[in-house]
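So you can see what is in the structure, the chains are spelled out below.
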Amino acid sequence: MEETLNIRELNDLIASKASFLSLIRSGMDRRIVGQKHLVDSLLIALLCNGHVLLEGVPGLAKTLAIKTLANLVDAKYSRVQFTPDLLPADVIGTLIYSVKKESFEVKKGPVFANFVLADEINRAPAKVQSALLEAMQERQVTIGDDTFPLPEPFLVMATQNPIEQEGTYPLPEAQVDRFLLKVVIGYPTKEEEKIIIRQNIKGELDPVTPLIDKKEILEVQKIVEKIYVDEKIENYIVDIVFATRQPAKFGLSDLQSIISFGASPRASISLAKASRAYAFLQGRGYVIPEDVRAVCHDVMRHRIGLTYEAEANNISTDDVITDILDKVVVP
């Protein structure tokens, strides 16, 4: 009875924050046409205090979506254009000698912001990528002898272009694992594209003004952490992840030759966190199997390794995840 009461109270608390979601969604809709899945994914990353990697061909409003979300929040925003000549110091900062003071001073880099846009992250070499990914994981940066905590909330939103391989440095699997979500963005529909044309040929887009305080984001993140996850849902999440490691045990023997390595424990943690955030978006204080299924592809697609046989047969990680969700027993 007490548990039910707590969930009822939590539902009321979530309902009281409905204005938070409507403000963000209406603000995003003023700039972004369609792309509901992209907007929801950015919200999930924000609610989970995680990071998101967006992949899509040029011109699909990846950068615009991230910038619009950052502008809607009264918080510090910075953008780093990743290029082959970028250095780690250009991202995290460095020590600069002051002639006046006759000593070294810390010059903080653009990573010291609440929202960091890492544009075309796969254009920079591994050294720069690892400097950013370390900051993402540790939530702190060491410059010289001093360690500096990063501000809260801290959200890295990275983009990458999948169609060009020349002059790019693919992100190593172990590093990509640090992104809560990897979202693949598709083309808009015909109707959406017509609206995009009309918006862009009429002149300047409406300015985006801050509507939300960053303190409110931290409050909502705490509410999301309270969302109830039943043991049956935990078992379901673990079964999905273990099916990528031991597919034969789940009646998926044909995936043995397709998967080279399964998802890490980070996948289980991220799946539980993202499911909670999705439940919050639906106005619920508890997670149901549909929440897990809704976020599963975005959470898992960058955490499963495929064999050469899979690539030869044009089998993607999304196909593997779909097979697993079809086979694993839903509670």
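The text that follows walks through the structure, step by step, so that each part is easy to find. Quick caveat, the model's predicted, so the values are computed rather than measured.

Now for the overall build of the protein. A tally of helices and strands in the protein yields 14 helices and 13 strands. Overall, the C-alpha framework of the protein stretches about 70 × 50 × 50 Å when taken along its three principal axes. Residues classed as buried in the protein amount to 46% of the 331 residues present. Pairs at least 24 apart in sequence give 79% of the contacts found in the protein among residues at least 6 apart. Distance between charge centres in the protein, computed from 38 positive and 46 negative side chains, equals 4 Å.

Counting 74 residues, the largest nonpolar core has Ile24, Met28, Leu42, Ile44, Ile240, Phe280 and Met300 as the members making the most contacts within it. Considering every element that reaches this core, the biggest residue donor is helix α3 (residues 36-48), with 9 residues. If we skip the residues at most four places from it in the chain, Ile240 touches Leu271, Val292, Cys296, Met300, Ile324, Leu325 and Val328.

The next thing to look at is a nonpolar patch on the surface. On the surface, Leu95, Tyr97, Val99, Phe104 and Val106 cluster together into a nonpolar patch covering about 500 Å² of accessible area. For the nonpolar patch, the secondary structure elements donating two or more residues are β4 (93-98) and β5 (103-108).

Another point: unusual backbone geometry. Residues other than glycine predominantly adopt negative phi, and peptide bonds predominantly adopt the trans conformation. The omega torsion of the bond from Glu152 to Pro153 falls at -10°, within 30 degrees of zero and hence cis. Mapped onto the elements of the fold, Pro153 is located in the loop between β8 (146-149) and β9 (155-160). For Glu120, which is not glycine, the phi torsion reads 50° and is therefore positive. Of note, the phi angle at Arg139 is positive, near 60°, even though the residue is not glycine. Tracing the backbone through its elements, the reader meets Arg139 in the loop between α6 (126-138) and β7 (140-143).

Right, let's talk about the sheet that holds strand β1 (residues 52-55) for a bit. Reading across the sheet, the 5 strands line up as β3-β6-β9-β1-β10 and stay open at both edges, with parallel pairing between neighbours. Of all the strands in the sheet, the pair left with one neighbour each is β3 (77-81) and β10 (181-184). Strand-to-strand twist of the sheet, defined as the mean angle between neighbouring strand axes without regard to direction, takes the value 15°. Two strands pair when backbone bridges link them, and β1 and β10 are joined in this way by 4 bridges, in the parallel orientation. Directly across from Glu55, in β10, lies its bridge partner Val184.

Parameters at a glance
- Residues numbered from 1 in each chain as written.
- Predicted model: local features only at pLDDT ≥ 70, side-chain atom pairs only at ≥ 80, totals over all residues.
- Heavy atoms only, no water.
- Helix = DSSP H or I, 4+ residues; strand = E, 2+ residues; numbered from the N terminus.
- Buried < 20%, exposed > 50% of the residue type's maximum accessible area, 1.4 Å probe, protein only.
- Contact = heavy atoms within 4.5 Å.
- Lys, Arg positive; Asp, Glu negative; His and termini not counted.
- Charge placed at Lys NZ, Arg CZ, Asp CG, Glu CD.
- Core = buried A, V, L, I, M, F, W, Y, C linked by side-chain atoms within 4.5 Å.
- Patch = residues over 30% accessible without salt bridge, like charges linked within 9 Å, V, L, I, M, F, W, Y side chains within 5 Å.
- Areas by Shrake-Rupley, 256 points an atom, 1.4 Å probe, with all protein chains shown as cover.
- Salt bridge = Lys/Arg side-chain N within 4 Å of Asp/Glu carboxyl O.
- Pairing = 2+ DSSP bridges.
- Axes fitted to C-alpha atoms, helices over the stretch in contact; angles between N-to-C directions.

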